[in-house]
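Per-entry structural report
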Amino acid sequence: MRSPDRDILAPPSAVGTRRQRGAGLAYSPRVSTADPLAAGNGLDARTLRSALGGFATGVTLVTCRGADGAPVGLTVNSFNALSLDPPLVLWSLRLASPSLPAFDACLHFAINVLAEDQVEMSRRFASPVPGKFDDGAWLEGVGRLPLLVGCAVNLECERISHQDAGDHRLYIGRVLRVQSQAVPPLVFHRGHYHLLGEVL
Ligand SMILES: Cc1cc2nc3c(=O)[nH]c(=O)nc-3n(C[C@H](O)[C@H](O)[C@H](O)COP(=O)(O)O)c2cc1C
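Attention in this report is confined to the structure presented alongside it.

Calculation rules
Residues numbered from 1 in each chain as written. Predicted model: local features only at pLDDT ≥ 70, side-chain atom pairs only at ≥ 80, totals over all residues. Helix = DSSP H or I, 4+ residues; strand = E, 2+ residues; numbered from the N terminus. Buried ≥ 20, exposed ≤ 12 C-beta atoms within 10 Å, placed from the backbone. Near = placed C-beta within 6 Å. Nonpolar A, V, L, I, M, F, W, Y, C, P; charged D, E, K, R; others polar. Core = buried A, V, L, I, M, F, W, Y, C linked by C-beta atoms within 7 Å. Pairing = 2+ DSSP bridges. Contact = placed C-beta atoms within 7 Å.

A closer look at the overall build of the protein chain
In terms of regular secondary structure, the protein chain is built from four helices and 14 strands. Looking at the protein chain as a whole, 21% of its 200 residues are labelled buried.

Right, here's the structure in full:
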C-alpha cells in the first residue's frame, strides 16, 4: 500500500529517469505533476497539514507589547533556531492574525517555551479570547516584554526582520537574553499535546 506521507515527502529526484552512460547527461530529473513542490499540483491543505503534523515540536507563547503598550501573544510551534553566531531564531504568523500589526511594530518579542504543566496556557493563547494575560504569573523583560513564569525557556529577542512567505509572515529575531529552567517541555504532535519521553 502506498503511504500518502511518502508521496508528499518524496524528493523530486525520486521521479527522475536514469539514462544510459554516454547518452549525454547521466541523470535527468523529470518534473512530475505529482511533485509536491510544483505549482498547481492539487495537493490539498488537509493532506499537507496532516503530513506536517508528523513533525513533533515544542510549544511556545510568542509575546510582545502592542503600540498601546498592551501585551499581545499567541501559541506558536513554528518557532525554530536559525543561527548560533549571531544568535538568531525564527517563527511565523498567519497573515490574517489580528496580532500582526503588533508584531510588525514591536522592537522586541519574547519566546516562552512552555513546560509540560502549562498546557492550559497553550490552549488559552491559541484562542481569540480577550484577557489572555489574566492568568499565569508574568514578569517583564527588555522593553516590558511579557515573560511567563515557570517556562522551560524564556528568550528575549530584538526583532530584526520579517518577510512574507505564502500565507504567513516570517519573523527573525536576535536573541538578547536567555533564561532556562530544569523543567520538561510540552510536546505537540499530530494535533495533540504530549509529555516528553526518553529513549533508553
Ligand atoms: C500548538 C499550536 C501551534 C500554533 N502555531 C502557530 C504558528 O506557528 N503561527 C500561527 O500564526 N498560529 C499558530 N497557532 C494558532 C494560533 O495560536 C491561534 O490562531 C491564535 O488564536 C492566534 O492568535 P490571534 O487570535 O492573535 O491571531 C498555533 C496553535 C497551536 C494550538
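Description of the site of the ligand
Around the ligand, a shell composed of 17 residues is seen, among which L74, T75, S78, S97 and S99 lie nearest. Here the shell around the ligand gets four residues from one element, more than from any other, and that element is strand β7 (residues 88–94). The class makeup of the residues in the shell around the ligand is nine nonpolar, seven polar and one charged.

Some remarks on the nonpolar core
By size, the foremost hydrophobic cluster in this structure holds 30 residues, and its most contacted members are V62, C64, F103, F109, A110, I111 and L114. With four residues, strand β8 (residues 108–113) is the single largest residue contributor to this core.

Points about the pairing of strand β5 (residues 71–76)
In terms of strand pairing, strand β4 (residues 60–65) meets β5 through six bridges, oriented antiparallel. Each residue of the ladder has a partner; that of R65, found in β5, is P71. Between β4 and β5, which follow one another and run antiparallel, lie five residues, and G69 among them has a positive phi close to 90°.

Some words on the sheet that holds strand β3 (residues 57–58)
The strand order across the open sheet formed by three strands is β3-β13-β14, and the pairing between neighbours is antiparallel. Two strands bound the open sheet, and with one partner strand each, they are β3 and β14 (192–195). Relative to β14, strand β13 (residues 186–189) runs antiparallel, the two being bridged by four bridges. The partner of V187 across the bridge, within β14, is H194.

Comments concerning the pairing of β8
With five of its six residues buried, β8 lies for the most part within the structure. Note: β4 against β8, four bridges, orientation antiparallel. Bridge pairing in β8 links V62 to I111. Of the pairings in the sheet, the one linking β8 to strand β11 (residues 153–165) comprises six bridges and is antiparallel in character. Bridge assignment links I111 to a residue of β11, and that residue is L155.

So, unusual backbone geometry
Residues D85 and P86 are joined by a peptide bond in cis, for which omega reads 5°. Here P86 shows up in the loop between β6 (80–83) and β7. Even without glycine at this site, R144 takes up a positive phi of about 65°. With respect to the helices and strands, the residue R144 is situated in the loop between β9 (138–140) and β10 (146–148). Judged by the 12 C-beta atoms lying within 10 Å of it, R144 is exposed.

What about the environment of N77?
Within the element layout of this structure, N77 appears in the loop between β5 and β6. What makes N77 buried here is the crowd of 20 C-beta atoms within 10 Å. When the C-alpha positions of N77 and V113 are compared, they lie 9.5 Å apart, and in sequence the two are 36 residues distant. When sequence neighbours within four positions are dropped, the list of residues in contact with N77 reads T57, G58, V59, T60 and F188.

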